Amino acid sequence: MELESLTLKNYRNYGDLTLEFSDGVNVFLGENAQGKTNLLESIYVLALARSHRTSSDKDLIQWSEKEATISGRVKRAISNTPLSLNFSNKGKKARVNHLEQSKLSQYIGQLNVILFAPEDLELVKGAPSVRRRFIDMEFGQMNPLYLYNTTQYKRILKERNAYLKRLQLKQTTDTVFLDVLSEQLVNVGAQILLARESFLKKLEQAAQPIHAEISDQRETLHLVYNSSVNFEEKDDLAGVTAAFEAALLKQRAREIMMGSTLLGPHRDDLQFIVNDNDVAVFGSQGQQRTTALAVKLAEIDLMQQETGEYPVLLLDDVLSELDANRQTHLLLAIQDKVQTFITAPSLTDVARQLIHTPKVFHVKHGEITLETEN
């Protein structure tokens, strides 16, 4: 899979821009605040219909303009697909092959991307919400049913929390509707729990040899899914559903007192274990970065296994955060394998030695110039 071209209209600091890309490594060079990350963000948004930098679509629209459009041409093994997203005060419209999609779940997955940015180092040591978002965003691209279930779960959870708040404030005493919402939450939530277990097991298998290689075979990585619902059978939907249902019933009085749902996928976490130690707590910064890098590189192969095609890789100013050894492992892993987009103030010596014929764009004040070979 590759992104052949990108067109931006009134997006961030770009009024009207069209770029053609290499199927190998594409590099955006420039100082800070020139628009490099905006370009990478636009590719991410084209893939996932949302930004990783803001929760407000209005932020994507150029100042004083009423709407913005991102469009691109995606080349896959058996087809070429035009994609476009339009943002305005009326919402967003997603099109595949020029046909508007009624649901974003029908759109997401047409272009698969993996983003690796400095903040992704927080994947290991950051808050549980960072890791939950990582699981949902990455697995959602690979599995439309998982994406649909997470959307449904968030809707039911919001409604259930609102009703628990009403019970807490004694605005109602009827728990029949709570029973209905609990049943809906359990049915969808149990599917999410099993899917996460399966995804993380596959991710662990892909990440372990990468992690071992980067650490010179000195370390072993394990991924542990810590669920707020205690279930033993990892592939038994009926058993997980029953366990989730029983746990919610046990917590009912406390949930009403707190006015919030205390159990479920929205409360779960992912733990990274290196040589039997929690790397977030006991690992050095180097071990934490090795773990994050191994997991990100493992995603590339896992996405290929699940979808049949390699994703597009986005590296946002991440090379400067890695030492020469980790840069080397990263660049060798992606060389001649996945289409890659890199932003940086300048290419490191390691990158210039290892990247074969990159297509280099210079970015200054939102203007793009293509570097030509001497």
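Right above here is the structure, for reference.
For the structure given in this document, a descriptive report is provided here. The structure presented is a predicted model; accordingly, all values stated were derived computationally and were not measured.

It is worth spelling out the environment of alanine 344 at this point. Take alanine 344: it is sitting in strand 13 (residues 340-344). Taking the C-alpha atoms as reference points, alanine 344 and valine 27, separated by 317 residues in sequence, lie 7.7 Å from one another. Contacts of alanine 344, omitting those with residues within four sequence positions, involve Phe28, Leu29, Gly30, Lys36 and Asp317.

Right, let's get into helix 10 (residues 285-307). Compared with an ideal rise of 1.5 Å per residue, which puts 23 residues at 33 Å, helix 10 spans 33 Å between its outermost C-alpha atoms and is within 8% of the ideal. Phi turns positive, to about 90°, at glycine 308, one or two residues after helix 10.

Not every positive phi belongs to a glycine, and aspartate 216 is a case in point at roughly 55°. Checked against the element boundaries, aspartate 216 lands in the loop between helix 6 (176-214) and strand 9 (221-226). You will see that threonine 357, though not glycine, has its phi angle at about 40°, which is positive. Summarising the element assignment, threonine 357 is placed in the loop between helix 12 (349-354) and strand 14 (359-364). Judged by relative accessible area, which is 64%, threonine 357 ranks as exposed.

With that out of the way, let us pick up the sheet that holds strand 9. A sheet is described by the order of its strands in space; here three strands give the open sequence 9-10-11, paired in antiparallel fashion. The open sheet has two edge strands, strand 9 and strand 11 (277-278), and neither has a second partner. Inspection of the sheet shows strand 10 (residues 269-274) paired to strand 11 by two bridges, in the antiparallel sense. Among the inter-strand pairings, valine 274 is bridged to a residue of strand 11, identified as asparagine 277.

With that settled, the discussion passes to the packing of aromatic side chains. Using the criterion set out here, one finds eight aromatic pairs in the structure. Here phenylalanine 21 and phenylalanine 28 contribute two aromatic rings whose centre-to-centre distance is 6.4 Å and whose plane-to-plane angle is 75°, an arrangement assigned as edge-to-face. Judged by its relative accessible area of 1%, phenylalanine 28 is buried. Aromatic side chains phenylalanine 28 and phenylalanine 341 sit 6.3 Å apart centroid to centroid with 20° between the ring planes, which places their arrangement in the stacked category. With phenylalanine 28 in strand 3 (residues 25-29) and phenylalanine 341 in strand 13, the pair connects residues that are 313 residues apart, well separated along the chain. The exposure classification of phenylalanine 28 matches that of phenylalanine 341, with both residues buried.

Let's shift gears to the sheet that holds strand 6 (residues 91-96). With respect to topology, six strands assemble into an open sheet ordered 2-1-4-5-6-7, the strand pairing being antiparallel. Of all the strands in the sheet, just strand 2 (14-20) and strand 7 (99-100) have a single pairing partner and so form its edges. Sheet analysis places strand 6 next to strand 7, joined by two bridges and oriented antiparallel. Within strand 7, the position partnered with arginine 95 by the bridge is glutamate 100.

Turning our eyes to something else, we now look at the packing of helix 6 against helix 7 (residues 237-250). Packing of helix 6 against helix 7 leaves a shortest axis separation of 9 Å and a crossing angle of 130°. Put simply, helix 6 runs oblique to helix 7. For the element pair helix 6 and helix 7, the recorded crossing hand is right-handed. Contacts between helix 6 and helix 7 involve Ser182, Leu185, Val186, Asn187, Gly189, Ala190, Gln191, Leu193 and Leu194 from the former and Leu237, Val240, Thr241, Phe244, Glu245 and Leu248 from the latter.

Quick look at the pattern of salt bridges now. The final tally for this structure, using the stated rule, is 20 salt bridges. With its nearest N and O atoms 2.5 Å apart, the salt bridge here joins aspartate 179 to arginine 252. Placement of aspartate 179 in helix 6 and of arginine 252 in helix 8 (residues 252-258) is noted, with a sequence separation of 73 residues between them. The partner of arginine 326 in a salt bridge is aspartate 323, and the shortest N-O contact between them spans 2.5 Å. A residue is classified by how much of its surface remains accessible, and aspartate 323, at 37% relative accessible area, is partly exposed. Salt bridges here are not isolated pairs; linked through shared partners, they connect Glu4, Glu20 and Arg73.

Attention shifts here to the environment of threonine 290. For threonine 290, the position within the fold is in helix 10. As a C-alpha pair, threonine 290 and valine 113 span 177 residues in sequence and 21 Å in three-dimensional space. Residue contacts for threonine 290: discarding those within four places in its chain leaves His211, Ile214 and Arg326.

Time to look at the side chain of serine 42. Counting through the fold element by element, serine 42 comes out in helix 1 (residues 36-48). Taking the relative accessible area as the measure of exposure, serine 42 reaches 0% and is therefore buried. Reaching out from serine 42, the side chain makes a polar contact with the backbone oxygen of leucine 39 at a distance of 2.6 Å. When near neighbours in sequence (up to four residues on either side) are disregarded, serine 42 contacts Leu6, Leu8, Tyr11 and Ile70.

Moving on, we come to helix 11 (residues 324-334). Of all the positions in helix 11, only Arg326, Gln327, His329, Leu330, Leu331 and Ile334 are classed as buried. Immediately beyond the C-terminal end of helix 11, within one or two residues, lies aspartate 336, with a positive phi of roughly 60°.

Reading the values: the criteria
Along each chain, residue indices are assigned from 1 in the same order as the chain's sequence is written. Only residues with pLDDT of at least 70 are given local features in this predicted model, and only at 80 or more are side-chain atom pairs given and counted; all residues enter the totals for whole chains, interfaces and linings. Side-chain measures were taken over the full set of non-hydrogen atoms in the model, leaving aside hydrogen atoms and water. Comment: elements are numbered from the N terminus, with helices defined as DSSP H or I runs of at least four residues and strands as E runs of at least two. Contact criterion: two residues are considered in contact whenever any of their non-hydrogen atoms come within 4.5 Å of each other. Expected span, for any helix, means 1.5 Å times one less than how many residues it has. Summary of the burial criterion: residues with accessible area below 20% of their type's maximum are buried, those above 50% are exposed, and those between are partly exposed, where the area comes from a 1.4 Å probe applied to protein chains only. Here, any two strands with at least 2 DSSP bridges between them count as paired. Pairing of aromatic rings covers Phe, Tyr and Trp, the last through its six-membered ring, and needs centres within 6.5 Å; plane angles under 30 degrees mean stacked, over 60 mean edge-to-face, and all others mean tilted. Note on method: axes are straight lines fitted to C-alpha atoms, helices fitted across the in-contact stretch only, with angles between N-to-C directions ranging 0 to 180 degrees. An angle below 35 degrees is read as roughly parallel, one above 145 as roughly antiparallel, one from 65 to 115 as roughly perpendicular, and any other as oblique. Whether a crossing is left-handed or right-handed is set by the direction in which the near helix is turned from the far one by less than a right angle, anticlockwise for left-handed and clockwise for right-handed. Salt bridge, as applied in this entry: a Lys or Arg side-chain nitrogen positioned within 4 Å of an Asp or Glu carboxyl oxygen. Distance and chemistry together define a polar contact, namely a pair of N or O atoms within 3.5 Å, with one atom able to donate a hydrogen and the other to accept it when in protein, and with adjacent residues in sequence counting only for side-chain atoms on both sides.

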